[in-house]
Amino acid sequence: MINSGAVDAGKATARRLTRVLYGDGFEREHGPWRRFAADGLFRTRPDATPPERLSLAYERLRAVNGAIDSPAELAADPRGVAALHEWLGPIDPSFTTVAGIHYNLFLGSLLDHDHAADGDPGAAERDLADFLTLRRIGTFLCTEVAHGNDAVALETTATYDRVRDGFVLHTPHAGAQKFMPNTSTTGGAKSGVVAARLLVDGADHGVFLFLTPLTDGSRTLPGVRVRLLPERFGSPLDHCLTSFDRVFVGRDALLGGVRGQLGRVTGDGAFSSAEANRRRRFLASIGRVTAGKLSMSAGALGGARVALALAVRYGGHRLISGPRAVERVPVFAHRSHHGPLTGGLATVFAMTLLHRTVVDAWETRTEANRGETERLVAVAKGWITWRAREIIVECRERCGAQGLLEHNGMTEMLANIEGAITAEGDNTAIYAKAAAELLFSARTPERKPGAGAAQDPTADRDADPRPDRDAGQDADRNAGQDAAGTPVPGADPVECDANYVSLELSDTGHLGDLLLAVEQLWLDRARRRMGRAPQGDPLARWNAASGAALRAVEAHAYRRAAEAYTAAERKLWERELRDTEPGAEAGSVSVSAPGSAPALLRSLHRLFVLQWIDRNSGDLLAHGLLTARQLDELPEMIERLIAELATYATTLVESFALPEEMLADRPISGAGYADAYDDPEGAWTVPEALSRCAACRQSPPPAMPVSDRFRIVHRLLRFINNLRNLPH
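Predicted model, so just to flag it, every value in this text is computed and none were measured. (Residues numbered from 1 in each chain as written. Predicted model: local features only at pLDDT ≥ 70, side-chain atom pairs only at ≥ 80, totals over all residues. Heavy atoms only, no water.)

A. Broad picture of the overall build of the chain. Tallying secondary structure elements over the chain gives 24 helices and 14 strands in all. Relative to its full complement of 728 residues, the chain shows a buried share of 52%. When the accessible area of the chain is evaluated, it comes to approximately 32100 Å², of which 53% is carbon and sulfur surface. (Helix = DSSP H or I, 4+ residues; strand = E, 2+ residues; numbered from the N terminus. Buried < 20%, exposed > 50% of the residue type's maximum accessible area, 1.4 Å probe, protein only. Areas by Shrake-Rupley, 256 points an atom, 1.4 Å probe, with all protein chains shown as cover.)

Structure follows, in structure tokens:
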């Protein structure tokens, strides 16, 4: 089933797909972290205890910090920190957690806020030398026992002290203890940025960050109390409860934004801010959490790719009984085995391409589209981490009992994906926020049947476009509402015509229209449910709409991922046409032949979209967006795509460009996986023992213990007895 022919062509195709997955800047952006993944520093140590693994994570942090050109540049580069998670997260999640906290949440916050909090344009920049050299490790203290996703309501206080000209940090009760920061003495001296409520003369000015020393490397500093939390599910980390008993920090500890624009307190105790809204001030203060979402997405998709690589390789190595008694076939040859893995390959390409799109959007954001971009980052984080969990679970199952063993890596990846689902905003919470924004936002793009055909990079550019409907016939997102925009119970929000359903499911442009239709169906459904809920009860109205609204966010993520596929497919197609040898016909066999990079990417794209449409086919059929014939064709098209792509599974896995050293740590990655369980004292080693014994007879040792002689004779008898019992 796995194609072993045309090895050179397969490798060339894999290299082209690697460029699709990682972009033109593969070596610049990913090369350094890929080399770390192959380095002996990051080889797994299966016999290490949890405390030893935690210490190793901090040792690796110091080694990486010393090896990179500029820690400050890394902290200022969310793309670079995300790439660190993407490559090293599957190897050592403990390391990437402490690295992400130090470089992104801690150092990144200090860099973003730039100057000391007094807001004086002539003030000196903060001295970061201790943090850049890791004489002090940084951590981030935001959430509390009683406040997680509602961190804006947290209760740790920072009260301005006029006499000492600084702030007094205090934890008022057990629920206000900082929950889960890595604040133990493990790893060395630590400082943190602490989220606390700023109080000046009794006035509450909202939550800000304060730079606070915590430990000196061997003990906590006066007034700081740190207690280890129980061990968590997953890789070891020094998660702690941290509280403050009237800890004093100077006035310059306040992170008030560049030149104090978010907030500053003058020497006479006057507070000022260029941002009047306290919630927006808080969200700006912890703005690095959004960049942290990019890292969570990156680590999750990196883990999903490694899991798929292990499962596909093991499926090719693991031989089972074939149709004939003497025949042995790879377990991957069975559709029940390679079908889910092939679907996972299509999804992990979508996850990766969406992540690249989101990182680009975050880097190029403007103040005008910042809110929309933050929503896209959040939705992508939720969607990618949830899909990663599905893929890792499937890969674990496909590897059977081998997938349950820690040294094969999948159980740790599965445990740590749970952390990514919760970190930097719980997925359901950030989906709910995005759902509310989509529900009340301006109109989404209208469906224009046939217009999407132009997005198909393989379409004939000179062909006549398919007919569009008149504007009055377009499916209006706001259909089913009255003139004021109020949902009308029972109204059907989606319309279509014969031109629409005549389009074929092989047309990726049309498939994009269907993806948008699914999103609109769920949004309209949510609006109708909200309209039927009692007026004057916001919670009841949200509860009525939330189920459908959350489904709309999921559909939105699928649509955005498919759009990333379309963009990547077009870019690859155009590059391949440019690279076609002079004199060759455009779109020649080398470009469009089965197994070529454009053909594989197109099939992956179609499989990804069709599987999602299949899940929503009932709604699409009910609203006239699918015909009965198309509904019947769907499973057959999916089956054909799985059969095609399974043939090239090894090429697709090779396109991940995972270092062999990284995979070799996992026994199931190699054909000789059984060697990991060899027993030098097993019965099958007797011939070798006898050979050694014969050599000894030529120059026998001075005195072989009698017990050893009896043991060798006993093994020889067992070996002879086993030979007698072998079938002839």
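That was the structure; now back to the text.
B. Up close: the nonpolar core. Within the largest apolar cluster, 154 residues are counted, with the highest numbers of intra-cluster contacts made by Trp33, Phe349, Trp383, Phe608 and Phe656. With 15 residues, the single largest contributor to this core is helix H9 (residues 288-317). Beyond its immediate stretch of four places on either side in the chain, Trp383 contacts Ala350, Met351, Leu354, Tyr431, Glu554, Ala557, Tyr558, Ala561 and Phe608. Among the nonpolar cores identified, the runner-up in size contains 21 residues, and Leu141, Tyr160, Val224 and Val249 belong to it. (Core = buried A, V, L, I, M, F, W, Y, C linked by side-chain atoms within 4.5 Å. Contact = heavy atoms within 4.5 Å.)

C. Quick peek at the packing of helix H6 (residues 93-113) against H9. Running from amino to carboxyl end, H6 crosses H9 at an angle of 145°, the nearest separation of the two axes being 9 Å. Of the two possible hands of crossing, H6 and H9 adopt the one that is right-handed. Mapping the contact onto sequence places Tyr103, Asn104, Leu105, Gly108, Ser109 and Asp112 in H6 and Arg288, Val289, Ala291 and Gly292 in H9. Looking at the contact of H6 with H9, its residues break down into four nonpolar, four polar and two charged. (Axes fitted to C-alpha atoms, helices over the stretch in contact; angles between N-to-C directions. Left-handed = near helix turned anticlockwise from the far one by under 90°. Nonpolar A, V, L, I, M, F, W, Y, C, P; charged D, E, K, R; others polar.)

D. Examining the environment of Arg34 more closely. Relative to the elements of secondary structure, Arg34 occurs in helix H2 (residues 26-38). In this structure, the C-alpha to C-alpha distance between Arg34 and Met662, residues 628 residues apart in sequence, is 9.4 Å. Beyond its immediate chain neighbours, meaning those up to four positions away, Arg34 contacts Phe26, Trp87, Ala657, Leu658 and Pro659. Among the polar contacts listed, one links the side chain of Arg34 to the backbone oxygen of Ala657, at a separation of 2.5 Å. (Polar contact = N/O pair within 3.5 Å; in protein donor to acceptor, adjacent residues only side chain to side chain.)

E. Expanded view of the sheet that holds strand E8 (residues 240-244). Reading across the sheet, the three strands line up as E4-E8-E7 and stay open at both edges, with antiparallel pairing between neighbours. Edge strands, defined here as strands with exactly one partner in the open sheet, are strand E4 (178-179) and strand E7 (224-228). Across two bridges, E4 lies against E8 in antiparallel orientation. In the strand pairing of E8, Phe179 is matched with Leu241. (Pairing = 2+ DSSP bridges.)

F. Main features of a negative patch on the surface. On the surface, Asp675, Asp678, Asp679 and Glu681 cluster together into a negatively charged patch. Topologically, Asp679 is positioned in the loop between helix H22 (660-664) and helix H23 (686-698). (Patch = residues over 30% accessible without salt bridge, like charges linked within 9 Å, V, L, I, M, F, W, Y side chains within 5 Å. Salt bridge = Lys/Arg side-chain N within 4 Å of Asp/Glu carboxyl O. Lys, Arg positive; Asp, Glu negative; His and termini not counted. Charge placed at Lys NZ, Arg CZ, Asp CG, Glu CD.)

G. Representation of the confidence of the model for the chain in the model. Scored by pLDDT, the chain comes out at a mean of 85, with 81% of its residues at no less than 70. Here residues 1-5 scores under 50 on pLDDT; set against residues more than four positions off or in separate chains, the count is 13 contacts. Within the model, the stretch residues 449-493 combines pLDDT values under 50 with 83 contacts to residues more than four positions away or in other chains. (pLDDT = per-residue confidence, 0-100.)

H. Broad picture of the environment of Arg328. Position of Arg328 relative to the elements: it lies in strand E14 (residues 328-330). The residues contacting Arg328, other than those within four sequence positions of it, are Leu319, Ile320, Ser321 and Gly322. Of note is the side chain of Arg328, whose polar atom sits 3.1 Å from the backbone oxygen of Leu319.

I. Seen up close, helix H3 (residues 50-67). For H3, which comprises 18 residues, the first-to-last C-alpha distance of 26 Å matches the rise-based estimate of 26 Å (1.5 Å per residue) to within 8%. Along H3, the residues classified as buried are Leu54, Leu56, Ala57, Tyr58, Arg60, Leu61, Val64 and Asn65. Of the surrounding secondary structure, the elements contacted by the buried residues of H3 are H2, helix H4 (71-75), H6, helix H7 (129-132), strand E1 (137-141) and strand E5 (190-200). (Expected span 1.5 Å × (residues − 1).)

J. Expanded view of the packing of aromatic side chains. Under the defined criterion, the tally for this structure stands at 18 aromatic pairs. With 5.2 Å between their ring centres and 70° between their planes, Phe42 and Phe95 make a pair best called edge-to-face. Placement of Phe42 in the loop between H2 and H3 and of Phe95 in helix H6 is noted, with a sequence separation of 53 residues between them. Pair check on accessibility: Phe42 and Phe95 agree, each one buried. Ring pairs connect the aromatic residues Trp383, Tyr558, Tyr565, Phe608 and Trp612, which therefore count as one cluster. (Phe/Tyr/Trp six-rings, centres within 6.5 Å; stacked < 30°, edge-to-face > 60°.)

K. Main features of the packing of helix H16 (residues 538-579) against helix H18 (residues 597-615). Running from N to C, H16 and H18 cross one another at 165°; their axes reach a closest spacing of 10 Å. Comparing their axes, H18 and H16 come out roughly antiparallel. As for the relative orientation of H16 and H18, their crossing is left-handed in sense. Touching Glu554, Ala555, Tyr558, Ala561, Ala562, Tyr565, Thr566, Ala568, Glu569, Leu572, Trp573 and Glu576 of H16 are Ala597, Pro598, Leu601, Arg602, Leu604, His605, Phe608, Val609, Trp612 and Arg615, all from H18. (Parallel < 35°, antiparallel > 145°, perpendicular 65-115°, else oblique.)

L. Quick look at the pairing of E8. E8 sits mainly inside the fold: five of its five residues count as buried. Residues Cys240, Thr242 and Phe244 of E8 are buried on one face, and the alternating residues Leu241 and Ser243, pointing to the opposite face, are buried as well. Where E7 meets E8, five bridges bridge the pair, whose relative direction is antiparallel. From the neighbouring strand, Arg227 faces E8, where its bridge partner is Leu241.

M. How the structure looks around the pattern of salt bridges. For the structure shown, the criterion picks out 43 salt bridges. Between Arg162 and Asp201 there is a salt bridge, with its nearest N and O atoms 2.5 Å apart. Remark: Asp201 occurs in the loop between E5 and strand E6 (203-215) and Arg162 occurs in the loop between strand E2 (157-161) and strand E3 (166-170); sequence separation between them is 39 residues. Residue Asp201 is classed as exposed on the basis of its relative accessible area, which comes to 56%.

N. Region of interest: the environment of Phe233. Within the secondary structure layout, Phe233 lies in the loop between E7 and E8. Along the sequence, Phe233 and Glu412 sit 179 residues apart, while their C-alpha atoms lie 9.1 Å from each other.

O. Just a nonpolar patch on the surface, in detail. Residues Val145, Phe179 and Met180 make up a contiguous nonpolar surface patch of about 230 Å² in total accessible area. Relative to the helices and strands, Met180 resides in the loop between E4 and E5. By relative accessible area, Met180 is classed as partly exposed at 32%.

P. Spotlight on unusual backbone geometry. One non-glycine residue with positive phi stands out, namely Glu424, at about 55°. Locating Glu424 in the fold gives a position in the loop between helix H12 (410-422) and helix H13 (427-440). Glu424 gets classed as buried once you look at its relative accessible area, which sits at 18%. For Ala657, which is not glycine, the phi torsion reads 60° and is therefore positive.

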